[in-house]
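Below are the chains, spelled out letter by letter.
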Amino acid sequence: MVVLRNMSSWMADTFALTPQMYQAIPGLICCTVVMYKLLRWMERRSYLAAIEKARTDRKKALCGVERAVLEFKVPGRSRDTESVLSLSLLELHEQLQDGSLSPDSVLFAYMEKALEVTKLLNCVTEFLPECQTQLKNLSGKKKGLLYGIPVSIKDNINYKGHDSTCGLRKFFHQPATKDSVLVQVLKKQGAIPFVKTNVPQSLLSYECSNPIFGQTINPHDHKRTPGGSSGGEGALIAAGGSILGIGSDIGGSIRVPAAFCGICGFKPTGNRLSSQGIRTSLPGQKTVDAAVGPMARNVDSLALCMRALLCEDMFLLDPTVPPIPFNDEVFSSSKPLRIGYYESDEFWIPNASMKRAVMETKQLLEEAGHTLVPFKPLRTQSVLNELIINGMTADGGSTLLERLKGDIIDSTLKDLFFINTVPKVLKKILYMFLKPFSPRISETLKYLGGVRSIYELWEQHIARQAYCDEYIDAWKSAELDVLICPALGPALTVGYAGKVTATASYKIIFNLLNFPAGVVPVSTVTEQDEEDLKSYVGYCNDLWDRTFKKGVSGAVGLPLAVQCVALPWQDELCLRLMREVERVTQKKKVV
């Protein structure tokens, strides 16, 4: 009340108010505050009601799918679902092409399985009823490479008439006015997009939860995250509810869910596939290259998808995509490779299971006749801070905060939200305070404030190009064809991945470099890995290290992967390495 009286006195002196008007001021101020709070409360209630309606609509849509599946399963019409689901993508492709399998039996088999999986994992956000119309229109048309193949697509990929929410209120109830180029090409190749899948709020997390559709969980352990941001895709494919999916990747968003869920995922060179009609997490930033790419249960499926998408239709619909068809000669080659490897980037120290996955794969590749040479990654910590973090937050976090304005902040995003709302002055104080105790964390805080001028931003872009040139020179000096290195793993317990985003160092470096990269499952966590984890101290046993240790503990039996990398535009060579890694590790399992 003292504040209100002082304000009233100031207003009376400034505007020469009458005594009656002066007496009314505190009441007016109180009414304004109450009205503001009431409007905010009503706005929140309205949003919560909209979320509830979205979830109710989803339940109704999924009930509709269930009815459609039951109607199709009339005796004599459908083929045994399990026999369809047991086929690999290449087997499915062959049988659809020769007519021994019908597209409707495949679509309804996967619709049924997707329903079963999402009830358990909460990975599907929307069913695309248009898929049934598309199914009817397939007959009589030329069979494309993906003829009759059901495909799941990530939430942020535009499909006409459906939202691309990114888990955000801002994009809720804003259906796309047309299909993305990628969806158009999928359809032209005969593929049938049939569901959209869940993502973390804002896409900027290795978790997979948002206030609209809730938490997606890992099919291998329901207490763990499937990863992000293509986590819905990873969970659905790993659990058998989709045979082929499309994700996007700005810092590991395809590769982390693939590794956590035990499937294959591929991030092509940026703009090898069209990104038109695909909503990104930080539009406008030019520091790291986002890419869209396939996710599937084996490498041959990824290659078939890339082969289908890299066609004349893609190049005509988006002339900015270089007209480079898939190079089967490179992918199918059996020539021995010179492969670089490293087990640590010296910024985020891997746990024992991550190291073992790389070193066992190295040995198997050597036994298969390839040459393996050690490779030292270049200045990961300084590059992560000075180029990547500084570049992605060049706007001081304004883009992210604008997108989250008025939204309910998901619990898994609160740390990222908080650090972006902290004033620059306080960040500097935190930097100075933490420096003696947690030098790595304090150094990262130092670069979260954004750039101070356009000149500084341009200097940063120059530094990025110089680093890319230096990395490629080091690669050429080592005479490498390709590279293997750690993939983050195993899957973290829900709530932990959002607290250790610095683990992105193993993935996001290849978005900065714009190198194609993919992950292949090679092993599982052993009892010995779990025992070795007890002595893990990481970089300096700081808060990040301790949080990571807790997050990955108790993971015996969960998937482990390695990451495969090639130079820009050598996507087929990267896929070839992935297939070779898959071959040698599967051969070991058989033996």
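For clarity, every value in this text was computed on a predicted model and none was experimentally measured.

Asker: Quick question: what am I supposed to make of the overall build of the chain here?
Answerer: The number of helices and strands found in the chain is 23 helices and 13 strands. Relative to its length of 591 residues, the chain is compact, with a C-alpha radius of gyration of 26 Å against a globular reference of 25 Å. Overall size of the chain, expressed as C-alpha extent along the three principal axes, is 90 × 60 × 50 Å. For the chain, the residues scored as buried account for 56% of the 591 residues in total. Across the chain, every contact between residues at least 6 apart in sequence was considered, and the portion connecting residues at least 24 apart equals 81%.

Asker: What is the right way to read the sheet that holds strand 1 (residues 124–127) from this model?
Answerer: If you walk across this open sheet you meet the eleven strands as 1-3-2-6-8-7-12-13-11-9-10, and the pairing is mixed. The two strands at the open ends of the sheet, each matched to only one other strand, are strand 1 and strand 10 (371–374). Strand after strand, the sheet turns through a mean of 30 degrees between neighbouring axes, direction not considered. Relative to strand 8 (residues 291–296), strand 6 (residues 244–249) runs antiparallel, the two sharing six bridges. By the bridge assignment, L244 is partnered in strand 8 with A296. Of the strands in this sheet, strand 1 and strand 3 (192–197) are in contact with helix 6 (residues 130–137), which crosses strand 3 at around 165 degrees.

Asker: How do you make sense of the environment of I237 when you look at a structure like this?
Answerer: Looking at the secondary structure, you find I237 in helix 8 (residues 231–238). In this structure the C-alpha to C-alpha distance between I237 and L309, which are 72 residues apart in sequence, comes to 19 Å. Beyond its immediate sequence surroundings of up to four residues, I237 is in contact with S242, L244, G245, I263, M295, A296 and R297.

Asker: How do you make sense of empty space enclosed by the protein when you look at a structure like this?
Answerer: With a probe scaled to a water molecule rolled over the atoms, the places where space remains empty come into view. All chains considered together, the criterion is met by four cavities of 30 Å³ or more. When its volume is computed, the largest cavity comes out at roughly 70 Å³. Put simply, the parts of the chain that give the lining of the largest cavity at least two residues each are helix 13 (352–367) and helix 21 (527–533). When residues of the lining of the largest cavity are assigned to their parent elements, the largest contribution, three residues, is made by helix 21. Counted by class, the lining of the largest cavity contains six nonpolar, two polar and two charged residues.

Reading guide: rules and limits
Residues numbered from 1 in each chain as written. Predicted model: local features only at pLDDT ≥ 70, side-chain atom pairs only at ≥ 80, totals over all residues. Heavy atoms only, no water. Helix = DSSP H or I, 4+ residues; strand = E, 2+ residues; numbered from the N terminus. Rg over C-alpha atoms; globule rule 2.2 N^0.38 Å. Buried < 20%, exposed > 50% of the residue type's maximum accessible area, 1.4 Å probe, protein only. Contact = heavy atoms within 4.5 Å. Pairing = 2+ DSSP bridges. Axes fitted to C-alpha atoms, helices over the stretch in contact; angles between N-to-C directions. 1 Å grid on protein atoms, 1.4 Å probe; cavity = no way out; pocket = protein on both sides within 12 Å on 5 of 7 lines; lining within 4 Å. Points joined across faces, edges and corners; volume = space filled by probe spheres on them. Nonpolar A, V, L, I, M, F, W, Y, C, P; charged D, E, K, R; others polar.

Shape is all these values report; function is a separate question.
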